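# Close look at the chain arrangement
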Amino acid sequence: SSGINAEYGMTDENNLRDMFGALELEKFDLVLFPVNDSRSLTSAQSGNHWSLLCYVKSEQTAYHIDSANSFNATDAKKIIEKLSVLIKTRVRGKTLCCSQQTNGHDCGVFVIYFCRQIVGQYLKDHRFDARTVQSALPAGYRKHLLEEVKVLQKRKL
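Residues numbered from 1 in each chain as written. Predicted model: local features only at pLDDT ≥ 70, side-chain atom pairs only at ≥ 80, totals over all residues. Heavy atoms only, no water.

## Thoughts on the overall build of the protein
In terms of regular secondary structure, the protein is built from 4 helices and 5 strands. Mapped from its N terminus to its C terminus, the protein presents α and β elements in the order β-α-β-β-β-α-β-α-α. Taken over 157 residues, the protein has a buried fraction of 39%. The contacts in the protein between residues at least 6 apart in sequence include a share of 63% that link residues at least 24 apart. Summed over all atoms, the accessible surface of the protein reaches about 9300 Å², with 52% contributed by carbon and sulfur. (Helix = DSSP H or I, 4+ residues; strand = E, 2+ residues; numbered from the N terminus. Buried < 20%, exposed > 50% of the residue type's maximum accessible area, 1.4 Å probe, protein only. Contact = heavy atoms within 4.5 Å. Areas by Shrake-Rupley, 256 points an atom, 1.4 Å probe, with all protein chains shown as cover.)

## Regarding unusual backbone geometry
In this structure, Glu 24 is a non-glycine residue whose phi angle is positive, near 50 degrees. Looking at where Glu 24 falls in the secondary structure, it is placed in the loop between α1 (13-20) and β2 (30-36). Judged by its relative accessible area of 34%, Glu 24 falls in the partly exposed class. Even without glycine at this site, Lys 88 takes up a positive phi of about 55 degrees.

## Describing the pattern of salt bridges
For the structure on display, the rule yields 6 salt bridges. Close ionic contact of Arg 116 with Glu 148 constitutes a salt bridge, the shortest N to O distance being 2.4 Å. With Arg 116 in helix α3 (residues 107-125) and Glu 148 in helix α4 (residues 141-155), this pair connects stretches of sequence that are 32 residues apart. For Arg 116, a relative accessible area of 37% puts it in the partly exposed group. Between Arg 127 and Asp 129 there is a salt bridge, with its nearest N and O atoms 3.7 Å apart. Here Arg 127 falls in the partly exposed class, since its relative accessible area comes to 38%. Overall, Asp 129 belongs to the buried group, its relative accessible area being 10%. The network of salt bridges with shared partners includes Arg 127, Asp 129 and Arg 131. (Salt bridge = Lys/Arg side-chain N within 4 Å of Asp/Glu carboxyl O.)

## Description of the confidence of the model for the protein
Of all residues in the protein, 90% have pLDDT values of 70 or greater, and the mean over the chain is 87. When mean pLDDT is compared element by element in the protein, strand β4 (residues 61-65) scores highest at 97, while strand β1 (residues 4-5) scores lowest at 50. (pLDDT = per-residue confidence, 0-100.)

## Re the nonpolar core
Among soluble globular proteins, nonpolar side chains are generally buried collectively. Core analysis: the biggest nonpolar cluster contains 20 residues, and Cys 54, Ile 65, Phe 114, Ile 118 and Phe 128 have the highest contact counts within it. Elements with a contribution of two residues or more to this core: β3 (50-56), β4, α3 and α4. With 8 residues, α3 is the single largest residue contributor to this core. Setting aside residues no more than four positions away along its own chain, Ile 65 makes contact with Ser 51, Leu 52, Cys 54, Leu 96, Cys 98, Phe 114, Ile 118 and Val 133. (Core = buried A, V, L, I, M, F, W, Y, C linked by side-chain atoms within 4.5 Å.)

## Notes on α4
Here α4 contains 15 residues, and its C-alpha end-to-end distance of 21 Å stays within 8% of the 21 Å for a straight helix at 1.5 Å per residue. After α4 finishes, the residue Lys 156 shows a positive phi value of roughly 60 degrees. (Expected span 1.5 Å × (residues − 1).)

## Section: the pairing of β2
Burial analysis of β2 places 5 of its 7 residues in the buried class, the great majority of the element. Strand direction decides the pairing type here: β2 and β3, joined by 7 bridges, are antiparallel. Paired with Pro 34 across the two strands is Leu 52, which belongs to β3. (Pairing = 2+ DSSP bridges.)

The following block contains the structure:
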């Protein structure tokens, strides 16, 4: 799975630096982490749910944004702890109220939507605004994403 998995086994600083040190996360004002509850590093099919962790450097806070209440809260907390070690700063964790999915399969769609909302707002105002994840997922958004994928496939990107 291509998201951040809390069970990477990154229990010490050396492992964290080996895996993520080159990213220099401490240099960025805003970092988005897709979070998955998978317990496997080898199977892309092992996770059940995606959520989003948004680290805001100026606030030293990582906001957990989960469209299924707090399904991934434990995984997000583990990642926040590891992020704190990696960037050598105590990162606070905070859960944000956000738009909620009404089915068992749109969590990834919500993560993409939240990422776009957060980045769009940040590019516009150069600040993080928690209200950007409270707006409802637009009707037909899953279909819209599928159309975007089809366009990209035609371009062979």
